[in-house]
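Observations on the model geometry
This is what each chain is made of:
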Amino acid sequence: LTALAGNALGQKKAAEAKLYSQVAVVMNTALISILVLVCLVFRSKIAYFYSNLESTHDVFIKIIFIAVLSFFFDCTQGCLSKIFVAQGKQIYGTLIGGVVYYVVMLPLGYLLIVYTKLDLYGLWIAASCGYMLMVLAFSTIIFSQNWEAIAEEITELLQRKRSFSGLGDDSSSNLKRLAYSGQFNY
């Protein structure tokens, strides 16, 4: 769906692109919610996939709740980062992700592991907090942007790329021919 959003932006269909992006987030949330529910319902059986040792089972049961929370937000931020790609603004995801990983997740994980003795549980708490921050930041930026302006930027970029490559207005078949021949990179 995020690829469809990118295509719609390239065709100056901003409202359609925003709708595709919203549907992608809703579908992601629904699918991940189902996976989280399955993991929680079958947590005891899943724990035995890894080992028959009771100690491993106990650790798994202890962290499963925070692990699925982390999984939920990690998948959601992954979906949202693809919307940045569709908008041609992947630098936002890169910068936000870098700040969150190195300024929030790693220090928080260290503090929780070393000073609270939460061990593995502390690491999952730090990851969950970081992914939640990324989802909040990504959602705020993505859905508060002017989609019409983004569509205009992308259209202008595509026109410059076509004129630079000498494709002119009849670019559809020429673009495909050059892409398949390896002479033109999208």
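Thresholds, definitions, all that
Residues numbered from 1 in each chain as written. Predicted model: local features only at pLDDT ≥ 70, side-chain atom pairs only at ≥ 80, totals over all residues. Heavy atoms only, no water. Helix = DSSP H or I, 4+ residues; strand = E, 2+ residues; numbered from the N terminus. Buried < 20%, exposed > 50% of the residue type's maximum accessible area, 1.4 Å probe, protein only. Contact = heavy atoms within 4.5 Å. Areas by Shrake-Rupley, 256 points an atom, 1.4 Å probe, with all protein chains shown as cover. Core = buried A, V, L, I, M, F, W, Y, C linked by side-chain atoms within 4.5 Å. Salt bridge = Lys/Arg side-chain N within 4 Å of Asp/Glu carboxyl O. Axes fitted to C-alpha atoms, helices over the stretch in contact; angles between N-to-C directions. Parallel < 35°, antiparallel > 145°, perpendicular 65-115°, else oblique. Left-handed = near helix turned anticlockwise from the far one by under 90°. Nonpolar A, V, L, I, M, F, W, Y, C, P; charged D, E, K, R; others polar. Polar contact = N/O pair within 3.5 Å; in protein donor to acceptor, adjacent residues only side chain to side chain. Patch = residues over 30% accessible without salt bridge, like charges linked within 9 Å, V, L, I, M, F, W, Y side chains within 5 Å. Phe/Tyr/Trp six-rings, centres within 6.5 Å; stacked < 30°, edge-to-face > 60°.

Assigned secondary structure in the chain consists of 8 helices and 0 strands. Helices (α) and strands (β) of the chain occur, in sequence order from the N terminus, as α-α-α-α-α-α-α-α. The buried share of the chain, taken over its 186 residues, is 34%. By sequence separation, contacts in the chain at least 24 residues apart represent 68% of the contacts at least 6 residues apart. About 11400 Å² of surface is accessible on the chain, with carbon and sulfur atoms providing 66% of the total.

This brings us to the environment of Leu108. Assignment of secondary structure puts Leu108 in helix H5 (residues 90-115). Here Leu108 falls in the partly exposed class, since its relative accessible area comes to 26%. Taking C-alpha positions, Leu108 is 8.3 Å from Gly122, a pair spaced 14 residues apart along the chain. Setting aside its immediate chain neighbours within four residues, Leu108 contacts Ala126 and Cys129.

Moving on, we get to the nonpolar core. Counting 26 residues, the largest nonpolar core has Leu9, Leu80, Phe138, Ile142 and Trp147 as its most contacted members. Of all elements in the fold, only helix H1 (2-10), helix H2 (14-41), helix H4 (54-87), H5, helix H6 (120-144) and helix H7 (147-164) reach the threshold of two or more residues within this core. In this view, Ile142 contacts Leu80, Ile83, Phe84, Gln87 and Trp147; residues no more than four positions away in its chain are not counted. One finds Ile32, Leu40, Phe60 and Val68 within the second-largest nonpolar core, a separate group that totals 8 residues.

Attention shifts here to the pattern of salt bridges. As enumerated under the stated definition, the model contains 2 salt bridges in all. Here Glu152 and Lys12 are joined by a salt bridge, their closest N and O atoms 3.4 Å apart. On the criterion of sequence distance, the pair formed by Glu152 in helix H7 and Lys12 in the loop between H1 and H2 is long-range, its members being 140 residues apart. Two residues, Lys89 and Glu153, come together in a salt bridge whose shortest N-O distance is 3.2 Å. Placement of the pair is Lys89 in the loop between H4 and H5 and Glu153 in helix H7, with a sequence separation of 64 residues. Judged by relative accessible area, which is 14%, Lys89 ranks as buried.

This paragraph deals with the packing of H2 against H4. Helix-helix packing: each pair is described by the crossing angle between the helix axes and the interaxial distance. The geometry of H2 relative to H4 is characterised by a closest axis approach of 10 Å and an angle of 160 degrees between their N-to-C directions. It follows from the interaxial angle that H2 and H4 lie roughly antiparallel. Crossing of H2 over H4 shows right-handed handedness. Side by side, H2 and H4 meet where Ser21, Ala24, Val25, Asn28, Thr29, Ile32, Ser33, Leu35, Val36, Cys39 and Leu40 of the first sit next to Ile64, Phe65, Val68, Phe71, Phe72, Cys75, Thr76, Cys79, Leu80 and Ile83 of the second. For the contact of H2 with H4, a count of residues per class yields 16 nonpolar, 5 polar and no charged.

Turning to the side chain of Gln145, a few remarks are in order. Tracing the backbone through its elements, the reader meets Gln145 in the loop between H6 and H7. Within the structure, the side chain of Gln145 is placed 3.5 Å from the side chain of Gln87, a separation counted as a polar contact.

Here we take up a nonpolar patch on the surface. A surface patch of nonpolar side chains, amounting to about 580 Å² of accessible area, comprises Leu31, Ile34, Leu37, Val38, Val41 and Phe42. In this fold, Leu31 is placed in helix H2. Given the relative accessible area of 52%, Leu31 is considered exposed.

The relation between two aromatic rings is expressed through the spacing of the ring centres and the mutual angle of the planes. In total, this model carries 5 aromatic pairs according to the counting rule given. Judged by centre distance (5.2 Å) and plane angle (90 degrees), the ring pair of Phe72 and Phe73 falls under edge-to-face. Owing to a relative accessible area of 17%, Phe73 belongs among the buried residues under this scheme. With 6.3 Å between their ring centres and 85 degrees between their planes, Tyr101 and Tyr131 make a pair best called edge-to-face. Here Tyr101 is found in helix H5, whereas its partner Tyr131 is found in helix H6, with 30 residues between them in sequence. Classification of Tyr131 by relative accessible area gives buried; the value is 11%. Pairwise contacts between aromatic rings join Phe84, Tyr92 and Phe138 into one cluster.

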